[in-house]
Amino acid sequence: LPGVQALLRKLQSLVEVPGQLRRWAAPGGDPARALRCYARARAVLRHYRHLPSFRAIEDESHAIMADLARCLRARLRDDTLDPKELTECVEMLLQLEEPPEELCEEFLSHAGARLEAELAVLEAELPPADPSGAAATPPPASDILDFVDRGSSAFVGNLCLLAASYRSLFQGRPGAGDARLEAFAAALTARYFQLLERRLALERGLGDTSLLVRALDRFHRRLRALLELLPAAGAEAGAALVARAARERVERYLRALQTFFLGCLGDVRQALAAPRPPGKEGPGLPDLLATLASSILGQLKAVLAYVQLFTARDIAFASLPYFKGEFCVEAVREGLVVAFVRWLCRTARGFADGPAERGAPAAPPALLLLLARLCLDYEATTISYILTLTDEQFPPQDTGPAVTPGPALCAEARGAAQRLLDHYVQVQGAAVAQMLRKSVETRDWLGTVEPRNVRAVMKRVVEDITAIDVQVGQLFEEGVRRAQSSDSSRRAFSVYSSSRAPSRYAPSYTPSAPMDTHLLSNIQKLFSERIDIFSPVEFNKVSVLTGIIKISLKTLLECVRLRTLGRFGLQQVQVDGHYLQLYLWRFAADERVVQGLLDEVAASAVHRCLDPVPMEHSVVELICERG
């Protein structure tokens with residue numbers, strides 16, 4: 001009897017199935033409950049389908065569930081469904097044995113529309129892409145961290161939920177494998193990467209590097225969570241985006257360092273050119289050099305500290321292979337530090353090598369001297385210090401790419417210093433030589449009166465050489481001089497030097513026999529040491545002054561050779577030469593260089609004189625002492 005009652009209750013529940021399904025599947029009902037009820041009854045109804053009464057119940061139930069499937073399909077096309085409702089809707093359709101491949105397509109289409117809308121919100125914040133770059137882009141409405149936060153929480157977060165829902169719904173179902181999901185996700189992440197690239201491109205200035213690093217770190221962490229679900233969704237593209245952003249920031253820092261250096265040079269030039277009120281001296285060259293060097297080094301160290309944020313231990317992407325090797329060596333050491341030092345040396349050298357633009361003022365000689373000393377200091381200590389500091393903060397890997405050795409950089413700095421110092425000598429020598437040339441070319445050497453004074457231009461030459469000596473002495477060491485003779489300042493300067501003057505052993509070689517004097521002069525040149533006027537200058541004061549004096553006196557020599565002199569013109573050259581001998585020998589590395597060039601000036605004056613009668617040496621000395 002109990003078994004019969006149980007059977008009757010089961011039959012009663014089967015008879016009531018269509019009514020229950022109709023009530024729960026109706027709009028506003030509980031379709032999930034209808035599905036559970038249908039799932040329990042479906043097996044029994046199919047088993048007894050051969051009986052007419054059971055077949056009628058099954059047919060009616062199937063029709064009700066078909067109507068429910070159509071309603072769910074219509075709901076699936078509703079754009080207002082949130083991800084949870086979408087998942088529930090698809091799950092019920094799968095329970096109704098709808099084709100998985102169709103549901104997969106509709107699921108991805110609906111979810112894709114929502115994700116596209118989120119990307120559109122992000123894109124609306126960006127200015128329209130301008131391939132020419134001609135239009136000025138306004139500053140972004142929000143900072144990069146806020147942009148990445150919203151992109152990560154909305155787009156990347158929803159994409160992660162989508163991937164998890166897709167897997168739970170379609171895992172193992174035919175026609176709805178992971179390949180479709182990964183292709184779908186890869187296309188969307190590629191668009192997201194493009195938007196992030198465009199937003200990063202708006203970071204034109206340096207801004208707050210820590211903000212950029214935090215934004216990239218947050219992006220990388222969320223992307224890593226997505227990649228755990230979808231390994232093929234763009235792992236390489238995401239890592240490349242982070243690396244590119246870091247590399248571009250380093251390139252901006254390089255340009256900022258270059259701009260800073262040019263600004264410092266502008267300040268130095270302004271300080272050198274500023275007029276000084278009487279009795280008030282401006283900053284000396286050592287102070288300007290110390291300020292320039294410390295400013296550049298301080299700025300470089302600050303930049304390295306900012307760049308080091310990309311490799312901090314608490315940053316997730318710092319563990320990427322790029323940031324452990326290539327970033328440290330190629331981007332920071334070579335692309336920033338080495339590139340800046342090389343650019344600095346090229347820029348400094350450009351003041352000597354490159355012709356000034358039309359109408360642009362030439363570099364003041366003091367600037368050439370200061371840059372030469374700066375490059376020399378870089379060669380001696382600064383480059384080594386900078387490279388050591390960089391290698392400590394960004395340690396290169398043993399198997400990493402080759403780096404520029406320190407000695408190669410030092411050689412470039414020394415080459416720039418040498419070129420600048422050589423150019424300084426040429427510029428200062430040319431300035432003094434120009435005074436001498438004009439003084440010779442504008443004077444009537446045939447009709448001049450008997451000399452009573454040293455010409456003012458010779459006093460100006462000595463004053464300028466003395467000023468140059470003080471200027472160079474502020475930045476360079478004294479240097480080594482050749483041992484001087486005891487009477488250097490009192491040595492007789494004559495139109496016939498000791499090696500050329502007639503003596504008692506050569507009575508026939510007198511001033512009345514000019515050809516013989518010329519012959520003696522030429523024979524003497526064969527045995528005298530050749531003076532190289534434009535030889536490279538050493539990094540000391542004596543060498544620099546010697547180079548300037550050689551250029552000046554060689555110019556005087558060539559100008560005298562082109563003039564025709566009378567007796568008093570020759571005597572004026574004799575007085576001027578003796579005055580220069582009195583004061584210039586002390587500046588030169590070897591007094592014989594000064595004496596030799598002045599001897600040649602005197603000999604040339606004799607050769608070009610129509611009446612070569614020299615002045616008594618005692619009179620010459622008296623005029624020079626009085627002058």
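Once a new chain begins, its residue numbering starts again from 1 and follows that chain's sequence as written. Since the coordinates come from a predicted model, pLDDT governs what is reported: local features require at least 70, and pairs of side-chain atoms require 80 or more to be given and counted, while whole-chain, interface and lining totals use all residues. Based on all heavy atoms of the structure, the side-chain values leave hydrogens and waters out of the count.

A. Examining the overall build of the chain more closely. Numbered from the N terminus, helices here are DSSP runs of H or I no shorter than four residues, and strands are runs of E no shorter than two. Helix and strand counts for the chain stand at 20 helices and zero strands. Classification of residues uses two cut-offs on accessible area relative to the type maximum, computed with a 1.4 Å probe and protein chains only: under 20% is buried, over 50% is exposed, and between them is partly exposed. Relative to its 627 residues, the chain shows a buried fraction of 44%. Per element, the accessible surface of the chain, about 31300 Å² overall, is 56% carbon and sulfur. Exposure was quantified through the Shrake-Rupley algorithm and a 1.4 Å probe, taking into account, for residues, occlusion by the shown protein chains and nothing else.

B. Local environment of the side chain of Thr-189. Its place among the elements puts Thr-189 in helix H7 (residues 178–201). A polar side-chain atom of Thr-189 sits 3.0 Å from the main-chain carbonyl oxygen of Ala-186. Only heavy atoms matter for contacts: two residues are in contact if any of them lie within 4.5 Å across the pair. The contact partners of Thr-189, leaving out residues within four places of it in the chain, are Phe-155, Leu-159, Leu-226 and Ala-233. N or O atoms within 3.5 Å of each other form a polar contact, as long as, within protein, one can give a hydrogen and the other can take it, and as long as residues adjacent in sequence are counted only when both atoms are side-chain atoms.

C. Representation of the packing of aromatic side chains. Here a pair means two rings of Phe, Tyr or Trp (six-membered ring of Trp) with centres within 6.5 Å. Their orientation is stacked below 30 degrees between planes, edge-to-face above 60, and tilted elsewhere. The final tally for this structure, using the stated rule, is 16 aromatic pairs. Note on Phe-323 and Phe-327: the rings are 5.1 Å apart at their centroids and 45° apart in plane angle, and the pair reads as tilted. You can call Phe-323 buried: its relative accessible area is 2%. Chaining the aromatic ring pairs together yields one cluster made of Phe-310, Phe-317, Tyr-322, Phe-323 and Phe-327. Here Arg-373 stacks its cationic end above the ring of Phe-476, 5.2 Å away from the centre of that ring. Charge over a ring is defined by NZ of Lys or CZ of Arg lying within 6 Å of the ring centre and within 35 degrees of the ring normal.

D. Geometry of the pattern of salt bridges. Here, a salt bridge means any side-chain nitrogen of Lys or Arg that lies within 4 Å of a carboxyl oxygen of Asp or Glu. On inspection of all chains with the given rule, the structure shows 28 salt bridges. For Glu-116, the salt bridge identified is with Arg-191, shortest N-O distance 2.3 Å. Remark: Arg-191 occurs in helix H7 and Glu-116 occurs in helix H5 (residues 100–124); sequence separation between them is 75 residues. Using a relative accessible area of 32% as the deciding quantity, one classes Glu-116 as partly exposed. Linking Arg-452 and Glu-450 is a salt bridge whose minimum nitrogen-to-oxygen distance equals 3.3 Å.

E. Up close: the environment of Arg-349. Take Arg-349: it is sitting in helix H12 (residues 326–353). Residue Arg-349 is classed as partly exposed on the basis of its relative accessible area of 32%. Arg-349 sits 67 residues away from Ala-416 along the chain, and the two C-alpha atoms are 5.1 Å apart. The residues touching Arg-349, leaving out its near neighbours within four places in the chain, are Gly-415, Ala-416, Arg-419 and Leu-420.

F. Up close: the side chain of Asp-422. Of note, Asp-422 is situated in helix H14 (residues 406–441). Two residue types count as positive, namely Lys and Arg, and two as negative, namely Asp and Glu; His and chain ends fall outside the count. The side chain of Asp-422 sits in the buried core without any salt bridge; Arg-419 is the nearest counter-charge, 5.6 Å away. The residues touching Asp-422, leaving out its near neighbours within four places in the chain, are Pro-536 and Val-537.

G. Up close: the environment of Tyr-166. As for its placement among the helices and strands, Tyr-166 is situated in helix H6 (residues 144–170). A sequence separation of 15 residues divides Tyr-166 from Leu-181, and the C-alpha atoms of the two residues are 7.7 Å apart.

H. View of helix H20 (residues 617–626). The set of residues buried in H20 consists of Val-620, Ile-623 and Cys-624. Here the buried residues of H20 occupy an arc of 95° about the axis, which is enough to place them on one side. Of the exposed residues in H20, the ones pointing more than 90 degrees away from its buried face are Ser-618, Leu-622, Glu-625 and Arg-626. What the arc covers is the set of directions going from the helix axis to the C-beta atoms.

I. Highlighting the packing of H14 against helix H15 (residues 456–473). Axis lines are fitted to C-alpha atoms, over the contacting stretch for helices. Their N-to-C directions set the angle, which ranges from 0 to 180 degrees. Two elements in contact, H14 and H15, have axes separated by 10 Å at closest approach and are oriented at 170°. In terms of their interaxial angle, H14 and H15 are classed as roughly antiparallel. The segment H14 lies against H15, with Tyr-424, Gln-428, Val-432, Met-435, Leu-436 and Ser-439 engaging Val-457, Met-458, Arg-460, Val-461, Asp-464, Ile-465, Ile-468, Gln-471 and Val-472. For the contact of H14 with H15, a count of residues per class yields ten nonpolar, three polar and two charged. Working rule for angles: under 35 degrees goes down as roughly parallel, over 145 as roughly antiparallel, 65 to 115 as roughly perpendicular, anything else as oblique. Gly is put with the polar residues, along with every residue not named as nonpolar or charged; the nonpolar set is Ala, Val, Leu, Ile, Met, Phe, Trp, Tyr, Cys and Pro, and the charged set is Asp, Glu, Lys and Arg.

J. How the structure looks around the packing of H14 against helix H17 (residues 541–561). As a packed pair, H14 and H17 sit with axes 8 Å apart at the nearest point and diverge in direction by 30°. As far as their axial angle goes, H17 and H14 are roughly parallel. Regarding H14 and H17, the two cross each other, and that crossing is right-handed. When H14 is examined against H17, the residues Leu-421, Tyr-424, Val-425, Gln-426, Gln-428, Gly-429, Ala-430, Val-432, Ala-433, Leu-436, Arg-437 and Val-440 are found in contact with a partner set consisting of Val-544, Gly-547, Ile-548, Ile-551, Ser-552, Thr-555, Leu-556, Cys-559 and Val-560. When its residues are assigned to classes, the contact of H14 with H17 shows 14 nonpolar, six polar and one charged. Crossing handedness: left-handed means the near helix sits turned counterclockwise from the far one by under a right angle, and right-handed means the same turn made clockwise.

K. Local environment of H12. Expected helix span is computed as 1.5 Å times (number of residues minus one). For H12, which comprises 28 residues, the first-to-last C-alpha distance of 35 Å sits more than 12% below the rise-based estimate of 40 Å (1.5 Å per residue). What we call the bend at a residue is the angle made by axes fitted to the seven residues finishing there and the seven residues starting there. Along H12, the largest kink reaches about 35° and is centred on Arg-333.

L. Layout of the state of the cysteines. For the purposes of this analysis, a disulfide is any pair of cysteine sulfur atoms at a distance within 2.5 Å. One pass over the structure, following the stated rule, counts zero disulfides. Free cysteine Cys-410: the closest other cysteine sulfur is in Cys-345, separated by 9.2 Å. By relative accessible area, which is 16% here, Cys-410 ends up buried.

M. Just the environment of Leu-96, in detail. Within the fold, Leu-96 resides in the loop between helix H4 (83–95) and H5. A relative accessible area of 12% places Leu-96 in the buried class. Along the backbone, Leu-96 and Ala-69 are 27 residues apart, and their C-alpha atoms lie at a distance of 7.1 Å.

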